[in-house]
Amino acid sequence: MAILNRIVGIPGAGKTQRLREHVQRWVEVDGIEPADIVCTSFTRAASQVLRGRIPIPTGNATTLHSLAYRALEAPLIAEADKDLVQQWNEATNGAYAIGKHSTEALEDAFLAEMPTGSKPLEMYSHWRATGRQNRFLEEITRDFAKRWEDFKAQTHSMDFQDLLDNALAHIDRCPGDPECFVVDEAQDLTPSQWALAQKWGAAAQYRYVVAGDPAQCLFSWVGASPEHLLEPLPAGGQHVLLGHSHRCPQLVLAEAEGWLMKHSGSMSQGREVTSREEQGGVYHMPVTADDPEGLVGALLEHVDAGQSVAVLGTCSYVLNPAIAVLREFGVPFHNPYRLTEGRWNPLRAGTGSGQRLKLWLTPGQSGPRMVTALEKLPAKLFQGTRKAALDRIMGQGRVESLRGILVDEGASAWESHDGGWYCRAFSDAERRPYEFAWNVWRRNPEYLDSEPKVIVGTIHSVKGGEADHVYLLPDLPYRVVDEAHSDQKVMDACIRQWYVGITRARQAVYYCDPVKPSASIEAI
């Protein structure tokens with residue numbers, strides 16, 4: 001049986017670096033082959049981080065769902081197979097439709113494994129993952145559960161929760177029978193994930209390492225529990241606390257730890273923390289989520305100084321006004337930790353709008369590059385057919401004029417570097433990303449060539465990320481505030497969420513005003 005080591009690292013303490021050192025020592029000193037080491041994490045995003053930092057084969061750094069899928073010999077997945085999704089939706093007449101992404105589902109890293117926007121399926125999977133007989137049958141009829149189970153039986157398929165359940169019941173060892181098994185972000189494992197990790201970790205031949213931070217447990221609503229990382233270790237096990245934050249300055253870490261003092265359960269196991277020597281700062285920003293225009297000047301000041309900024313909300317909907325303002329004022333933003341969310345990555349959403357606009361506005365382009373700028377324009381704007389016009393452009397080494405290619409108004413707009421005409425050329429449904437790119441260009445053309453300095457997202461979405469300055473929008477749904485007042489576990493979850501938000505900051509944290517003080521993090 002493997003020896004269990006547990007690593008608890010506070011924010012910015014270098015937990016991933018310590019895991020990397022473990023792996024290097026196993027390989028270089030203990031003679032373990034990299035292929036005999038498996039590292040798993042709670043989400044696909046977190047496992048991708050491991051792939052970039054841990055020197056093992058790419059396929060050995062992945063999620064528990066992926067490992068279970070491999071162990072069960074690639075079964076058919078009901079909510080991921082396009083034909084099965086269509087078959088289910090037709091059979092239920094859309095009553096329980098699946099197959100659409102939803103922001104709410106993506107907010108939940110467990111459900112991020114599921115390409116579904118079906119609330120019944122999400123709740124059913126949640127109920128099964130947590131193992132808790134909660135109010136499931138009040139909110140989802142027995143009809144859905146029965147029809148879903150019958151459908152899987154008839155199609156010889158599984159769902160994502162079945163992967164974990166079947167692996168736990170029937171697979172004694174992790175695929176590949178690794179000598180070393182590492183679990184990162186263990187504080188956010190669901191009960192079924194935790195049970196599978198424990199089973200496979202104990203079966204490893206040499207080392208089993210669990211890493212995480214109880215104070216950063218964000219997914220308690222799917223059953224994750226910070227207590228998992230505070231349980232007594234078996235004989236021979238070793239507990240290591242990484243208590244020095246290389247990220248957070250003094251005042252920021254003190255503010256975060258002050259919030260943690262309100263938590264009902266101990267986050268310790270000898271938890272003593274230290275920060276960087278810099279003082280940093282915690283400030284008040286007199287703007288609200290629904291009137292965030294005052295943020296723009298502050299954000300641009302940081303950006304112009306070459307500093308990164310994060311605008312974070314407790315929920316995705318509170319970010320919408322800030323996103324609208326950033327678009328209007330041409331401030332580029334993204335979320336490198338959740339690239340699949342197009343609203344948070346408007347210049348990287350696969351449209352190429354920013355690149356095409358840049359080609360339109362930059363003189364001296366080659367024919368092929370100019371074709372890239374022109375090919376999406378409506379056919380009515382070309383002289384003759386679009387294909388013939390683009391063919392004439394394609395062979396040019398340097399485009400000097402668009403006369404005879406575009407209508408006169410378009411050719412003149414290109415000569416005068418008019419991005420506004422280019423944006424207006426598109427339909428209302430297509431225009432928005434081009435208008436944003438044009439606003440960015442007018443503010444600073446270099447912004448379209450560089451990675452945005454502004455990060456926008458929920459606190460959940462940037463777990464593991466950081467920025468020089470963090471602006472926190474404290475608004476919560478009323479139902480969460482009400483539940484926090486009556487349920488200590490909900491209050492604790494809110495405290496941990498705020499703790500994570502604060503500790504993303506390398507220099508300073510800025511508290512924005514709540515839209516309604518009675519519905520904010522401070523109201524709990």
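For the structure, check the block above.
What you see is a predicted model, and the numbers here were worked out from it, not measured in a lab. (Residues numbered from 1 in each chain as written. Predicted model: local features only at pLDDT ≥ 70, side-chain atom pairs only at ≥ 80, totals over all residues. Heavy atoms only, no water.)

Caption draft 1: Main features of the overall build of the chain. From N to C terminus, the chain includes 21 helices and 12 strands. In terms of overall size, the chain behaves like a compact globule, its C-alpha atoms giving a radius of gyration of 26 Å where 524 residues would be expected to give roughly 24 Å. Considering only C-alpha atoms, the chain reaches an extent of 80 × 60 × 55 Å along its principal axes. Considering only residue pairs separated by 6 or more positions, the chain has 75% of its internal contacts joining residues 24 or more positions apart. Accessible surface computed for the chain: about 22700 Å², of which carbon and sulfur atoms make up 50%. For the chain, the centre of its 53 positive side-chain charges and the centre of its 66 negative side-chain charges are spaced 3 Å apart. (Helix = DSSP H or I, 4+ residues; strand = E, 2+ residues; numbered from the N terminus. Rg over C-alpha atoms; globule rule 2.2 N^0.38 Å. Contact = heavy atoms within 4.5 Å. Areas by Shrake-Rupley, 256 points an atom, 1.4 Å probe, with all protein chains shown as cover. Lys, Arg positive; Asp, Glu negative; His and termini not counted. Charge placed at Lys NZ, Arg CZ, Asp CG, Glu CD.)

Caption draft 2: Looking closely at the nonpolar core. One finds Phe181, Trp200, Leu472 and Ile502 to be the most contacted residues of the largest nonpolar core, which totals 83 residues. In terms of residues, this core owes the most to one element, helix H21 (residues 488-502), which gives eight residues. When neighbours within four sequence positions are excluded, leucine 472 is seen to be in contact with Leu312, Ile459, Trp498, Gly501, Ile502, Val509, Tyr510, Tyr511 and Cys512. Core analysis: the second largest hydrophobic core is formed by 60 residues, Val303, Leu357, Leu402 and Val454 among them. (Core = buried A, V, L, I, M, F, W, Y, C linked by side-chain atoms within 4.5 Å. Buried < 20%, exposed > 50% of the residue type's maximum accessible area, 1.4 Å probe, protein only.)

Caption draft 3: Highlighting the pairing of strand S5 (residues 207-212). Judged by how many residues are buried, S5 sits mostly within the fold: six of six residues are covered. By the alternation rule, side chains of S5 split into Arg207, Val209 and Ala211 and Tyr208, Val210 and Gly212, which are all buried. Sheet topology places strand S4 (residues 180-183) next to S5; four bridges connect them, and they run parallel. Across the sheet, residue valine 183 finds its bridge partner in S5, namely valine 210. Remark: the S4/helix H10 (residues 191-203)/S5 crossover connection has right-handed handedness. (Pairing = 2+ DSSP bridges. Right-handed = clockwise from strand over helix to strand, strands pointing away.)

Caption draft 4: View of the packing of aromatic side chains. Scanning the entire structure with this criterion turns up 18 aromatic pairs. Seen from their ring centres, tyrosine 96 and phenylalanine 144 are 5.0 Å apart, and the 75° between their planes marks the pair as edge-to-face. Taken as a pair, tyrosine 96 in the loop between helix H4 (82-91) and helix H5 (103-107) and phenylalanine 144 in helix H8 (residues 142-155) lie far apart in primary sequence, 48 residues in all. On the accessibility criterion, tyrosine 96 (14% relative accessible area) is buried. Accessibility expressed as a relative area gives 1% for phenylalanine 144, which makes it buried. Ring-pair connections join several aromatic residues into one group, and the members of that group are Trp88, Tyr96, Tyr124, Phe144, Trp148 and Phe151. In this structure, arginine 128 packs its charged tip against the face of tyrosine 124, placed 5.0 Å from the ring centre. (Phe/Tyr/Trp six-rings, centres within 6.5 Å; stacked < 30°, edge-to-face > 60°. Lys NZ or Arg CZ within 6 Å of the ring centre and 35° of its normal.)

Caption draft 5: Examining empty space enclosed by the protein more closely. Applying the stated criterion across every chain, the model contains one cavity of 30 Å³ or more. Around the largest cavity, the lining residues are Pro292, Leu295, Val296, Leu299, Val311, Ala322, Val325 and Leu326. For the lining of the largest cavity, the secondary structure elements donating two or more residues are helix H12 (295-304) and helix H13 (320-328). Here the lining of the largest cavity is built from residues that sort into eight nonpolar, no polar and no charged. (1 Å grid on protein atoms, 1.4 Å probe; cavity = no way out; pocket = protein on both sides within 12 Å on 5 of 7 lines; lining within 4 Å. Points joined across faces, edges and corners; volume = space filled by probe spheres on them. Nonpolar A, V, L, I, M, F, W, Y, C, P; charged D, E, K, R; others polar.)

Caption draft 6: Local environment of the packing of helix H3 (residues 64-71) against H10. Contact geometry of H3 with H10 gives a least axis separation of 11 Å together with a crossing angle of 65°. Judged by the sense of rotation from one axis to the other, the crossing of H3 with H10 is left-handed. Between H3, through Leu64, His65, Leu67, Ala68 and Ala71, and H10, the contact on the second element is made entirely by Gln193, Leu196, Ala197 and Trp200. Considered class by class, the residues forming the contact of H3 with H10 number seven nonpolar, two polar and no charged. (Axes fitted to C-alpha atoms, helices over the stretch in contact; angles between N-to-C directions. Left-handed = near helix turned anticlockwise from the far one by under 90°.)

Caption draft 7: Spatial organisation of H3. Among the residues of H3, Leu64, His65, Leu67, Ala68 and Ala71 are the ones counted as buried. Along the long axis of H3, the arc covered by the buried residues comes to 165°, so they all point the same way. Buried residues along H3 sit against strand S2 (37-41), strand S3 (61-63), helix H9 (160-170), S4 and H10. Of the residues flanking the end of H3, it is glutamate 73, one or two places downstream, whose phi is positive at about 65°. (Arc of directions from axis to C-beta.)

Caption draft 8: Representation of the state of the cysteines within the structure. Counting across every chain of the model gives zero disulfides. Cysteine 39 carries a free sulfur, and the closest cysteine sulfur to it, the one in cysteine 180, is 8.9 Å from it. The exposure class assigned to cysteine 39 is buried, which follows from its relative accessible area of 2%. Cysteine 174 carries a free sulfur, and the closest cysteine sulfur to it, the one in cysteine 39, is 10 Å from it. Given a relative accessible area of 4%, cysteine 174 falls into the buried group. (Disulfide = S-S within 2.5 Å.)

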